[in-house]
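Residue strings, one per chain:
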Amino acid sequence: VTYEPNVARADVALSSGDESMKGVIYVVRDGENVITYTSDDEGVTWKKNVNPQENQLPQSPDETLNLFSGEGADLQLIGEEEVNGKPAKVYTGTIDGKFLQDILNSTAAAGELTEAVGADMSEEALANLSDIQVTIKIDKESGLPVQYTIDMADAMKELMMAAMVASMGGEMPEGMTFDIEISDMLIDMTLSDFDAIAPIEIPEAALNAPEL
């Protein structure tokens, strides 16, 4: 991730049974829009999505930290640990499920889900996500967040349930019930190399992809 300009790149590898996929994702914030370029074949073919940036996401590590200390968070200092070879303060607690809703809406992920399930994943469909359990570690010297651990199991179950209901037109058919079990889904992210990222260049093939 770079903040000036505000561009992110993610390399994604997924496997399930005998099937596997390697993809690349670029996210660019351009004025009032978020532009997402995605490839699921290592950059051979691309999809492009342009969505309004309805909710302003953090534009720096400091703003990210402020987000976790806002009204939607309930975090407690529990001690210190070493991260990246340096001491860090450890906070644990919950953040409001609306945080995930804002991320999905602002990064066009809600649109990607809509495309995937063939149903409207609108703000209404995402409005009742549960609180999310988090641990965040803050470097003592710089004050920057250096590690997040986020338990997404309950939120992802609710998200998938909402997607299923949305795919049925927004209402469960009379007499029908279903349940989804997600035993474990944990995001464990460590941040490092602040101010050491080279400029992120988006390939011409992605820039020239037709807009969906």
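Here the structure is a predicted model, which is why all the values come from computation and not from measurement. (Residues numbered from 1 in each chain as written. Predicted model: local features only at pLDDT ≥ 70, side-chain atom pairs only at ≥ 80, totals over all residues. Heavy atoms only, no water.)

Enquirer: Explain the overall build of the protein to me, using residue names and the numbers behind them.
Expert: The helix and strand tally for the protein stands at 5 helices and 10 strands. For the protein, buried positions account for 33% of its 212 residues. Pairs at least 24 residues apart make up 53% of the contacts formed inside the protein by residues separated by at least 6 positions. As presented, the protein carries roughly 12,900 Å² of accessible surface, and 49% of it is formed by carbon and sulfur atoms. (Helix = DSSP H or I, 4+ residues; strand = E, 2+ residues; numbered from the N terminus. Buried < 20%, exposed > 50% of the residue type's maximum accessible area, 1.4 Å probe, protein only. Contact = heavy atoms within 4.5 Å. Areas by Shrake-Rupley, 256 points an atom, 1.4 Å probe, with all protein chains shown as cover.)

Enquirer: Outline the confidence of the model for the protein, supporting the account with residue identities and numerical values.
Expert: With 76% of its residues at a pLDDT of at least 70, the protein reaches an overall mean of 80. Within the protein, no element has a lower average pLDDT than helix H3 (residues 109–117), which sits at 57, and none a higher one than helix H5 (residues 204–207), at 96. (pLDDT = per-residue confidence, 0-100.)

Enquirer: Outline the pattern of salt bridges, listing residues and values.
Expert: Counted according to the given criterion, the structure contains 4 salt bridges. Salt-bridge contacts for Glu81 lead to Lys137; the nearest nitrogen and oxygen are separated by 2.7 Å. With Glu81 in strand S6 (residues 73–83) and Lys137 in strand S8 (residues 132–139), this pair connects stretches of sequence that are 56 residues apart. A relative accessible area of 40% places Glu81 in the partly exposed class. Assessed through its relative accessible area of 11%, Lys137 is described here as buried. (Salt bridge = Lys/Arg side-chain N within 4 Å of Asp/Glu carboxyl O.)

Enquirer: Report on the sheet that holds strand S1 (residues 2–3), specifying residues and quantitative values.
Expert: Read from one edge to the other, the open sheet built from 5 strands follows the order S1-S2-S3-S4-S5, with strand pairing classed as antiparallel. The sheet is open, and its two edges are formed by S1 and strand S5 (47–52), each paired on a single side. Bridge analysis of S1 against strand S2 (residues 6–16) gives 2 bridges, and the strand direction is antiparallel. Paired with Thr2 across the two strands is Val7, which belongs to S2. (Pairing = 2+ DSSP bridges.)

Enquirer: Let's hear about the side chain of Lys48: which residues, and what values?
Expert: In this structure, Lys48 sits in strand S5. Within the buried set, Lys48 has no salt-bridge partner at all; the shortest N-O distance to an opposite charge, 5.1 Å, is to Glu211. Beyond its immediate stretch of four places on either side in the chain, Lys48 contacts Ile35, Thr36, Tyr37, Leu207, Ala209, Pro210, Glu211 and Leu212. (Lys, Arg positive; Asp, Glu negative; His and termini not counted.)

Enquirer: Quick rundown of the pairing of strand S4 (residues 33–39)? Include the residues and the values.
Expert: The buried fraction of S4 is high, at 6 of 7 residues. In terms of strand pairing, strand S3 (residues 19–30) meets S4 through 7 bridges, oriented antiparallel. Bridged to Val27 within S4 is Thr36. The turn linking S3 back onto S4 is made up of 2 residues, and Gly31 within it adopts a positive phi angle of 65 degrees.

Enquirer: Which residues make up the pairing of strand S7 (residues 86–95), and what values go with them?
Expert: Pairing of S6 with S7, which is carried by 10 bridges, proceeds in the antiparallel orientation. Residue pairing for S7: Leu77 is matched across the bridge by Tyr91. What sits between the antiparallel neighbours S6 and S7 is a turn of 2 residues, in which Asn84 has the positive phi angle 55 degrees. Pairing between S7 and S8: 8 bridges, direction antiparallel. Along S8, the bridge assignment pairs Lys89 with Ile138.

Enquirer: Hey, could you go over the sheet that holds strand S10 (residues 186–190) for me, with residue numbers and the actual values?
Expert: What the 5 strands build is an open sheet, ordered S6-S7-S8-S9-S10; its pairing is antiparallel. Here the strands that pair on one side only, and so sit at the sheet edges, are S6 and S10. Averaged over all pairs of adjacent strands, the angle between strand axes in this sheet comes to 15 degrees, irrespective of strand direction. In the sheet, S8 pairs with strand S9 (residues 145–151) via 6 bridges, with the strands oriented antiparallel. When the bridges of S9 are listed, Val134 appears paired with Ile150. (Axes fitted to C-alpha atoms, helices over the stretch in contact; angles between N-to-C directions.)

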